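Observations on the three-dimensional arrangement
Here's the letter readout for the chains.
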Amino acid sequence: MTKVAKFALIAGPLALGGYGVARNIGKLDNVYGPGFDWQLAHFLGLAGFLLFVPLALGLRTLLPAGAVREVAVGATLLGLSASIVQFGTDIVQAFMAADKEELRSLQHDFSGLPGVRPAIYDFGPLFFFVGIVVVAVLAAKAGRMPWWSPVVLFVGVLLSLVKLDLMPLGGLLMLVALLPLRRPFRQVSAG
């Protein structure tokens, strides 16, 4: 698992940043919807969120045991689950839709199901963003990463939440913030 976590440490943020790049390029022609650009962006986003699962679990092994660690990692995984469902659903709906209007209709039908909008779109994904920052704070407090890493991670997360067009920069900042964890992951795998 440590090898997967080390890979995810770099690949996860890069995939999320790649989602932002593909999304921004796809929007240049004002026809962003079902099609290659939409699917590429969403596959990259889905990959990024999937990669953060082993990363969060790997980070858990670097933190002192306790309720705060479990709640922070649990919240991160809960938010990742919501994001994975959201992106997976967007991919399936885009395959089913003939055009942007049909895609919107499919999205509306799904998000209109009881509890789906808050759990999968509005609040659920926020647990990942808040959780991963708290996990980074705990890792910095435990001496596993420098003090500035949670700050940079928070800025990257905030940019992504403020405007999806900033996701490329957000992904890059996440990568910069998490890179110092390479050494602790090596130490754990060697020990």
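Residues numbered from 1 in each chain as written. Predicted model: local features only at pLDDT ≥ 70, side-chain atom pairs only at ≥ 80, totals over all residues. Heavy atoms only, no water.

**Considerations on the overall build of the protein**
- A tally of helices and strands in the protein yields nine helices and zero strands.
- Starting at the N terminus and ending at the C terminus, the protein contains elements arranged as α-α-α-α-α-α-α-α-α.
- Radius of gyration (C-alpha) of the protein: 17 Å, near the 16 Å computed for a compact globule of 191 residues.
- C-alpha extents for the protein along the principal axes are approximately 55 × 35 × 30 Å.
- Relative to its 191 residues, the protein shows a buried fraction of 46%.
- Contacts in the protein between residues far apart in sequence, at least 24 positions, make up 74% of those at least 6 positions apart.
- Accessible surface, the protein: about 9400 Å² in total, of which carbon and sulfur atoms supply 70%. (Helix = DSSP H or I, 4+ residues; strand = E, 2+ residues; numbered from the N terminus. Rg over C-alpha atoms; globule rule 2.2 N^0.38 Å. Buried < 20%, exposed > 50% of the residue type's maximum accessible area, 1.4 Å probe, protein only. Contact = heavy atoms within 4.5 Å. Areas by Shrake-Rupley, 256 points an atom, 1.4 Å probe, with all protein chains shown as cover.)

**As for the confidence of the model for the protein**
- Considering every residue of the protein, the mean pLDDT works out to 94; 96% of them sit at 70 or more.
- Between the elements of the protein, mean pLDDT differs from a low of 65, seen in helix H9 (residues 182–190), to a high of 98, seen in helix H3 (residues 67–96). (pLDDT = per-residue confidence, 0-100.)

**Points about the nonpolar core**
- Ranked by internal contacts, the top residues of the largest apolar core, which has 43 residues, are Phe52, Ile132, Leu153 and Leu178.
- Elements with a contribution of two residues or more to this core: helix H1 (2–26), helix H2 (36–62), H3, helix H4 (100–111), helix H6 (124–141), helix H7 (148–162) and helix H8 (167–178).
- If one sorts the elements of this core by residue count, H2 sits on top with nine residues.
- Ignoring sequence-local partners within four residues, the contact set of Ile132 consists of Phe52, Leu59, Thr76, Leu153 and Val157. (Core = buried A, V, L, I, M, F, W, Y, C linked by side-chain atoms within 4.5 Å.)

**Looking at the side chain of Ser149**
- Positionally, Ser149 belongs in helix H7.
- For Ser149, a relative accessible area of 0% corresponds to the buried category.
- Residues in contact with Ser149, not counting those within four places in the same chain, are Ala177 and Pro180.

**Section: the pattern of salt bridges**
- Applying the stated rule across the entire model yields six salt bridges.
- Put simply, Asp165 and Lys27 hold a salt bridge, and the shortest N to O gap is 2.8 Å. Taken together, the positions of Asp165 in the loop between H7 and H8 and Lys27 in the loop between H1 and H2 put the pair 138 residues apart, joining distant regions of the chain.
- For Asp165, a relative accessible area of 27% gives the class partly exposed.
- Where Lys163 meets Asp165, a salt bridge forms, and the shortest distance between an N and an O atom there is 3.6 Å.
- Take Lys163: its relative accessible area is 45%, and that puts it in the partly exposed class. (Salt bridge = Lys/Arg side-chain N within 4 Å of Asp/Glu carboxyl O.)

**A look at unusual backbone geometry**
- Residue Asn30 is not a glycine yet carries a positive backbone phi of 60°.
- Mapped onto the fold, Asn30 is located in the loop between H1 and H2.

**Side note on the packing of H1 against H8**
- Relative to each other, H1 and H8 sit at 170°, their axes nearing to 7 Å. Here H1 lies roughly antiparallel to H8, going by the angle between them. Contact residues: H1 offers Leu9, Ile10, Pro13, Leu14, Leu16, Gly17, Tyr19, Gly20, Val21 and Asn24, while H8 offers Met167, Pro168, Gly171, Met174, Leu175 and Leu178.
- Residue classes in the contact of H1 with H8 are distributed as 12 nonpolar, four polar and no charged. (Axes fitted to C-alpha atoms, helices over the stretch in contact; angles between N-to-C directions. Parallel < 35°, antiparallel > 145°, perpendicular 65-115°, else oblique. Nonpolar A, V, L, I, M, F, W, Y, C, P; charged D, E, K, R; others polar.)

**Notes on a nonpolar patch on the surface**
- Nonpolar side chains collect at one region of the surface, where Trp147, Trp148, Val151, Phe154, Val155, Leu158, Val162, Leu166, Leu169, Leu172 and Val176 lie side by side and expose about 1000 Å² of accessible area between them.
- Of all elements in the fold, only H7 and H8 reach the threshold of two or more residues within the nonpolar patch.
- With six residues, the top contributor of residues to the nonpolar patch is H7.
- Tracing the chain through its elements places Trp148 in helix H7.
- Accessibility expressed as a relative area gives 32% for Trp148, which makes it partly exposed. (Patch = residues over 30% accessible without salt bridge, like charges linked within 9 Å, V, L, I, M, F, W, Y side chains within 5 Å.)

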